[in-house]
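One letter stands for each residue in the lines below.
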Amino acid sequence: MVPTERLVLIRCFCVPFSTNVERIALAAGYKGIPIEWVDVEPDDRSRVVAASGQPLVPVLVADDEVVADSPRVLLWLEERFPEPPLLPADRARRAEVLGFVDWFNRDWKRLPNALNDGEGDAAEHAAEMRRAVTVFEERLSGQDYLFGEFGLADVTVFPFLKYAALGRRDDDTDPFHAVLVEHMQLAAGSPLHAWIARVDARPRG
Ligand SMILES: N[C@@H](CCC(=O)N[C@@H](CS)C(=O)NCC(=O)O)C(=O)O
């Protein structure tokens with residue numbers, strides 16, 4: 001429960017089917033943080049630009065604070081609302097989680113982005129995406145979540161990996177999501193099936 005004195009109005013700009021916005025919704029649902037979602041037209045980002053100086057969502061606005069970029073928004077939520085935690089208390093373990101999400105955001109995301117944008121060697125990017133599936137599967141050996149307890153790694157990765165098992169809704173026409181479906185084919189016995197179902201069952205804020 002969030003203590004009432006901590007409750008300021010928190011708004012978050014969003015667009016439909018946004019992977020990076022779903023990260024925030026999962027974190028807010030887990031922590032019980034009420035968020036007022038502000039839908040913006042995918043083709044008209046003027047309100048987002050006016051608030052944050054850049055066009056991408058999510059952008060979080062709380063009192064006079066404006067935070068853009070989902071990894072930064074997640075850490076902002078963790079700092080302001082530490083319970084329940086998204087990061088382990090143990091500092092070494094915490095560094096491992098932060099290193100993993102950094103790899104995902106800097107290196108892994110570059111692969112589907114490049115495939116979607118038609119940049120670089122498509123065959124090599126596709127092969128790297130297939131190899132990366134094994135990294136996530138190995139992390140789920142003998143545990144329910146990527147680092148044991150549900151946390152930052154799960155909320156960071158799930159909105160992208162979910163396409164491997166759940167596919168794309170009929171009304172989701174984002175070609176980036178089609179890339180995710182195409183390049184992360186899972187074997188029937190992959191532990192990612194159960195992990196995706198487990199995380200998908202969690203509340204969204
Ligand atoms: N690094 C940013 C990326 C944000 C981002 O790419 N957001 C997408 C929605 S998931 C967006 O606003 N795309 C609009 C566009 O590319 O025009 C984050 O993690 O928040």
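Preceding block: the structure.
The structure presented is a predicted model; accordingly, all values stated were derived computationally and were not measured.

**Student:** Would you explain the layout of surface pockets in this entry?
**Tutor:** To find leftover empty space, a probe the size of one water molecule is rolled over the atoms. In this structure, the largest pocket occupies an estimated 530 Å³ of space. For the largest pocket, the lining is made up of 25 residues, of which Ser 18, Thr 19, Asn 20, Leu 56 and Val 57 are closest to its centre. Of all the elements in the fold, those that place two or more residues in the lining of the largest pocket are α1 (19-31), α3 (70-80), α5 (110-117) and α8 (175-183). Grouping the constituent residues of the lining of the largest pocket by class yields 10 nonpolar, nine polar and six charged.

**Student:** How do you make sense of the nonpolar core when you look at a structure like this?
**Tutor:** Where a protein is soluble and globular, its nonpolar side chains tend to be buried together. The biggest cluster of nonpolar side chains holds 51 residues, and the ones touching the most others in it are Leu 77, Trp 108, Phe 136, Leu 161, Leu 192 and Trp 195. Viewed by domain, this core spans two of them, domain 1 (4-80) and domain 2 (91-200), each represented by three or more residues. Sequence-distant contacts of Trp 108, that is, excluding residues within four places in its chain, are made with Trp 103, Met 129, Ala 132, Phe 136, Phe 160, Leu 161, Leu 180 and Met 184. Membership of the second largest hydrophobic core comes to 11 residues, among which are Val 15, Val 40, Val 48 and Val 57.

About the thresholds
- Residues numbered from 1 in each chain as written.
- Predicted model: local features only at pLDDT ≥ 70, side-chain atom pairs only at ≥ 80, totals over all residues.
- Heavy atoms only, no water.
- 1 Å grid on protein atoms, 1.4 Å probe; cavity = no way out; pocket = protein on both sides within 12 Å on 5 of 7 lines; lining within 4 Å.
- Points joined across faces, edges and corners; volume = space filled by probe spheres on them.
- Helix = DSSP H or I, 4+ residues; strand = E, 2+ residues; numbered from the N terminus.
- Nonpolar A, V, L, I, M, F, W, Y, C, P; charged D, E, K, R; others polar.
- Core = buried A, V, L, I, M, F, W, Y, C linked by side-chain atoms within 4.5 Å.
- Buried < 20%, exposed > 50% of the residue type's maximum accessible area, 1.4 Å probe, protein only.
- Domains from an automatic or database assignment.
- Contact = heavy atoms within 4.5 Å.

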